[in-house]
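The primary structure of each chain is shown beneath.
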Amino acid sequence: MSAGHDHSHGHSHHHHDHAPKLDHLNTAFIAGIILNSAFVIIEVVMGLATHSLSLLTDAGHNLSDVAGLALALLAFKLTKVNSTSKYTYGYKRSTIIVSFFNAVILFVAVGFIGYEAIIRFMHPETVAGGTMAWVAFIGIGINAFTAWLFVKDKDTDLNVKGAYMHMAIDAIVSFGVVISGLIIYFTGLYWIDSAVSLIIAIVILKGTWSLLIDSLRLEMDGVPKEMNLDKIRAELLKGKGVRDVHHMHVWALSTTENALTAHVVIDPAFIKSFDDIKNDLRHRLEHLDIIHSTFEPEFSDEDCKQQDC
């Protein structure tokens, strides 16, 4: 019969913590929130003064980015909260919820921008192109600097990637507004303002699609995009005395921590050494960015009695 479950979260003295440490990003998030909040105010004031839909829609998008940065910062804070009897993993999953929520917010913003752009396109209004270009030029600097704050860690966490993408996209969008402002200033073609708004909507939609899909996958306990099940299984099979690995599941506890459960078939000659075997397997998984692991050992001469083995 089975030797029972062995649950390992890597809290022993053998543990090497491979989870990304993102505490230094607190400053980046706070700086991004302050800078972009100030810029939103500038865009709203100047957008109303110049009747520029491009500035107003970009202000709305930047406001959603500010909310996204604030939510991401809150999620990172929640991951530090200790586990409880009701939330045995703590609030780590809040980072996944926030990344999904941010993606949804952006899609709602795209719908609003597209609707307003079509209405304004049919009824163009006079726009102060020069002022519009100067304000957007300031936006390039602010958004590019904020994106730079996250560039080093963008591949370590989905929320950081989202923040980087939003800021980088905003810098490109602001550049587009500068160009449209100059065109309007020199040609008086006011419909350009609405056209740029539609382009902004398309850029946002394209840039955030992967964020939505990735966050939705994690919400559904799907295998994180960077995880390769064949590679994970092959690594586990390298363990001493391990004959087979099946009934394997991998999912995300948060945007930075992954978990695994698996049935591990052990040669009967090594069953007494299972503590050493599972410590070795756990260490191998840590190098594959799987921090929490649960193993159920089985003898190689017995049949798995569970479904989907």
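See above for the structure.
## Points about the nonpolar core
Link 1 in the chain: Counting 21 residues, the largest nonpolar core has M132, V177, I200 and I204 as its most contacted members.
Link 2 in the chain: Listing elements by their share of this core, those giving two or more residues are α3 (94-122), α4 (129-150), α5 (158-187) and α6 (191-219).
Link 3 in the chain: Ignoring anything within four residues of it in the chain, the contact list for V177 reads S54, L55, M132, A136, V196 and I200.
Link 4 in the chain: In this structure, I232, M248, L260 and I277 belong to the second largest nonpolar core, which totals 18 residues.

## Examining empty space enclosed by the protein
Link 1 in the chain: The final tally for this structure, using the stated rule, is one cavity of 30 Å³ or more.
Link 2 in the chain: Around the largest cavity, the lining is made up of 13 residues, and of these N102, N159, G162, A163 and H166 lie nearest the centre.
Link 3 in the chain: Contributing elements (two or more residues each) for the lining of the largest cavity: α2 (53-78), α3 and α5.
Link 4 in the chain: The element best represented in the lining of the largest cavity is α5, accounting for five residues.
Link 5 in the chain: For the lining of the largest cavity, the per-class residue count stands at six nonpolar, six polar and one charged.

## Details of unusual backbone geometry
Link 1 in the chain: Unlike most non-glycine residues, D221 shows phi in positive territory, near 60°.
Link 2 in the chain: Not every positive phi belongs to a glycine, and D289 is a case in point at roughly 65°.
Link 3 in the chain: The class of D289 is partly exposed, set by a relative accessible area of 41%.

## Description of the packing of helix α1 (residues 25-50) against α2
Link 1 in the chain: Relative to each other, α1 and α2 sit at 160°, their axes nearing to 8 Å. It follows that α1 is roughly antiparallel to α2 by the angle criterion. The two elements α1 and α2 meet at a crossing, and its hand is left-handed.
Link 2 in the chain: Within the contact of α1 with α2, the residues separate by chemical class into 18 nonpolar, seven polar and three charged.

## Section: the side chain of E235
Link 1 in the chain: Along the chain, the position of E235 falls in helix α7 (residues 229-236).
Link 2 in the chain: Overall, E235 belongs to the buried group, its relative accessible area being 18%.

## So, the pairing of strand β3 (residues 258-266)
Two faces belong to every sheet, and in a regular strand the side chains alternate between them.
Link 1 in the chain: In terms of residue burial, β3 counts as a mostly covered element, since eight of its nine residues are buried.
Link 2 in the chain: What sits between the antiparallel neighbours strand β2 (residues 242-252) and β3 is a turn of five residues.
Link 3 in the chain: Bridge count for β3 against strand β4 (residues 292-299) is eight bridges, and the pairing is parallel. Opposite A262, over in β4, you have F295 as the bridge partner.
Link 4 in the chain: With helix α8 (residues 274-286) bridging β3 and its parallel neighbour β4, the resulting β-α-β unit is right-handed.

## Quick word on α8
Link 1 in the chain: For α8, spanning 13 residues, the distance from its first C-alpha to its last is 18 Å, which sits close to the expected 18 Å at 1.5 Å a residue.
Link 2 in the chain: Within α8, burial applies to F274, I277, K278, L281, R282, L285 and E286.

## Quick look at a nonpolar patch on the surface
Link 1 in the chain: Judged by side-chain polarity, F121, F175, I179, L182, I183, Y185, F186, L189 and W191 come together as a nonpolar surface patch covering roughly 920 Å² of accessible area.
Link 2 in the chain: For the nonpolar patch, the leading source of residues is α5, giving six residues.

## What to know about the pattern of salt bridges
Link 1 in the chain: Under the criterion given, the structure shown has nine salt bridges.
Link 2 in the chain: Measuring nitrogen to oxygen at the nearest pair gives 3.2 Å for the salt bridge that ties E257 to K92. Of this pair, E257 sits in the loop between β2 and β3 while K92 is found in the loop between α2 and α3, placing the two residues 165 residues apart along the sequence.
Link 3 in the chain: Residue E257 is classed as buried on the basis of its relative accessible area, which comes to 13%.
Link 4 in the chain: Notably, a salt bridge pairs D214 with K225, separated by 3.2 Å at the nearest N-O pair. Of this pair, D214 sits in helix α6 while K225 sits in the loop between α6 and α7, and the two are 11 residues apart along the sequence.
Link 5 in the chain: With a relative accessible area of 8%, D214 lands in the buried category.
Link 6 in the chain: For K225, a relative accessible area of 53% puts it in the exposed group.
Link 7 in the chain: Among the ionic contacts, a cluster of salt bridges with common partners joins E235, K238, D280 and R284.

Cut-offs and rules
Residues numbered from 1 in each chain as written. Predicted model: local features only at pLDDT ≥ 70, side-chain atom pairs only at ≥ 80, totals over all residues. Heavy atoms only, no water. Core = buried A, V, L, I, M, F, W, Y, C linked by side-chain atoms within 4.5 Å. Buried < 20%, exposed > 50% of the residue type's maximum accessible area, 1.4 Å probe, protein only. Helix = DSSP H or I, 4+ residues; strand = E, 2+ residues; numbered from the N terminus. Contact = heavy atoms within 4.5 Å. 1 Å grid on protein atoms, 1.4 Å probe; cavity = no way out; pocket = protein on both sides within 12 Å on 5 of 7 lines; lining within 4 Å. Points joined across faces, edges and corners; volume = space filled by probe spheres on them. Nonpolar A, V, L, I, M, F, W, Y, C, P; charged D, E, K, R; others polar. Axes fitted to C-alpha atoms, helices over the stretch in contact; angles between N-to-C directions. Parallel < 35°, antiparallel > 145°, perpendicular 65-115°, else oblique. Left-handed = near helix turned anticlockwise from the far one by under 90°. Pairing = 2+ DSSP bridges. Right-handed = clockwise from strand over helix to strand, strands pointing away. Expected span 1.5 Å × (residues − 1). Patch = residues over 30% accessible without salt bridge, like charges linked within 9 Å, V, L, I, M, F, W, Y side chains within 5 Å. Areas by Shrake-Rupley, 256 points an atom, 1.4 Å probe, with all protein chains shown as cover. Salt bridge = Lys/Arg side-chain N within 4 Å of Asp/Glu carboxyl O.

By themselves, these figures tell us nothing about what the structure is for.
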